[in-house]
Amino acid sequence: MRKKHTFDQIVIGGILALLVFLAGTIAVRFFTRQICVERFQMDNAFTRMVWFDNSEAGGFEECGTETDTWIAIDWEKQYPFEGAENETRREGAAAKAAFYADHLDALTVSMEQKIESYATDMLVGYYQWVALAKSYDRRIGWADAKQFLATNSDEEILFLDNGYLTDAEPAIDKQDIEEIADQVADFHHFLDANGIDFCYVNAGSKVCPYDRQMPDVCCEYSNENGDSLIEALQFRNVDVLDMRACMIADGLDWYDSYYVTDHHWKTETGLWAAGVLGRWLNEKSGFSFDDFYFSESSYLLQKYENYFIGSQGRSVTFAEADLEAYTKITPRFDTDFSVWIPERGMEQSGTYAEVLFQEEAFSGIAEYTKEDFLEKVDAYNCSRLNNEALAVIKNNHARHNRDKKILMLQDSFAWYLTSYLACDAGQIDVI
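A few points on the structure.

Cut-offs used in this document
- Residues numbered from 1 in each chain as written.
- Predicted model: local features only at pLDDT ≥ 70, side-chain atom pairs only at ≥ 80, totals over all residues.
- Heavy atoms only, no water.
- Helix = DSSP H or I, 4+ residues; strand = E, 2+ residues; numbered from the N terminus.
- Expected span 1.5 Å × (residues − 1).
- Buried < 20%, exposed > 50% of the residue type's maximum accessible area, 1.4 Å probe, protein only.
- Arc of directions from axis to C-beta.
- Contact = heavy atoms within 4.5 Å.
- Patch = residues over 30% accessible without salt bridge, like charges linked within 9 Å, V, L, I, M, F, W, Y side chains within 5 Å.
- Areas by Shrake-Rupley, 256 points an atom, 1.4 Å probe, with all protein chains shown as cover.
- Salt bridge = Lys/Arg side-chain N within 4 Å of Asp/Glu carboxyl O.
- Axes fitted to C-alpha atoms, helices over the stretch in contact; angles between N-to-C directions.
- Parallel < 35°, antiparallel > 145°, perpendicular 65-115°, else oblique.
- Left-handed = near helix turned anticlockwise from the far one by under 90°.
- Nonpolar A, V, L, I, M, F, W, Y, C, P; charged D, E, K, R; others polar.

1. With respect to helix α8 (residues 174-193)
Next, step 1: Helix length check: α8, at 20 residues, gives a terminal C-alpha distance of 28 Å against a target of 28 Å (1.5 Å per residue), a fit within 8%.
Next, step 2: Within the span of α8, buried status applies to Ile177, Ala181, Val184, Ala185, His188 and Leu191. For α8, the angular spread of the buried residues around the axis is 115°, confining them to a single face. Away from the buried face of α8 by more than 90 degrees, exposed residues Gln175, Gln183, Asp186, Phe190 and Ala193 are located.
Next, step 3: At its buried positions, α8 is contacted by α9 (222-235).
Next, step 4: Looking at the residues trailing α8, positive phi occurs at Gly195, about 70°.

2. Topic: a nonpolar patch on the surface
Next, step 1: A grouping of Phe7, Val11, Ile12, Ile15, Leu16 and Leu19 is seen on the molecular surface, where their side chains present a nonpolar patch of about 580 Å² in accessible area.
Next, step 2: Mapped onto the elements, Ile12 comes out in helix α1 (residues 2-37).

3. Digging into the packing of α8 against α9
Next, step 1: Across the interface, α8 lies against α9 with an axial gap of 9 Å and an inter-helix angle of 45°. Judged by the inter-axis angle, α8 sits oblique to α9. Classified by chirality, the crossing of α9 by α8 is right-handed. Contacts between α8 and α9 involve Ile177, Glu178, Ile180, Ala181 and Val184 from the former and Asn225, Ser228, Leu229, Ala232 and Leu233 from the latter.
Next, step 2: By residue class, the composition of the contact of α8 with α9 is 7 nonpolar, 2 polar and 1 charged.

The following block contains the structure:
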């Protein structure tokens, strides 16, 4: 009896020691990234040691070349706008109190999200912990039950019947849809008053609306959310380009247009989508895009087998996902771009491969270990456009649309679309 009691104490003591150790690493990593890396831009032996197993999560720019830097820019100060601050000054103490209360709430939520992130996907040995958890789930028959629970959580990954992974996007409330539509419509009306055309592009969803491939126990609402937003925007007379309808009309293989382990389009689909948007701009906004720049025959397509695992695959680790092929697409024709990305301290001119794609980082993937694929920059992120606040692309060899400018408000879905569209545009500003 005494031996059992001693064994229990040892087990409990070991668990407590592990929890204390993990809590300590969370605190050290939080301080290192938030203060040392983000505040003081430190990149040295100490900061690298703290984030030895996940330099990307540590905030280090692995995908850049040696000339890349990261510059902290106060965009709010550089581009002030009339908003809550001005209302605060006009309405007095009550408005000021409400203004700061709102900001405090936002700060609290932000801190909660950061702490949760450091305690999960930024944890020391995160991918090893996930692999162990997945193995345990399979052993006790919990994997299928978790798929059912994932239905109402955007933090879980769903396994479609065809083997593709997708996010479990929850339904968005009608009121939230209406608020989003109001904001987009306000922006549209502002541009319209200044003689500028606007189009909302719905990139679509990895889940095909007519062939959902959804397991019986699961559901997700990406297409329903998209339909609701489009309906609300069209009611407000906002032009919409729905890429889902275009994919169906052009006969694309829906699932083959996406990566198995990632939520993004393949690079081939990005080139196709650039052509769709280019033709829309020709028809609606007086552009003169040439289909030559959106034809695969105008580009060199190099397929690399076992070269990529996307964010959804990383989430479930190699316990439930595998590497897949990746196609690098670069122009066969002569190119000359000038690219300015202030946050990277980058102002360079050169070919597409030199300034819109990060060849050095892409080539380095060939030397990855299996663990590196989970922790280091992936092939998709070798695009030069990495969701910085601002990027300006000027085409010095533009044959058409030389005097035209395009403003793209985008996320990572459009990185490659934008880079291919730039091949026949005078200037594209990316926010």
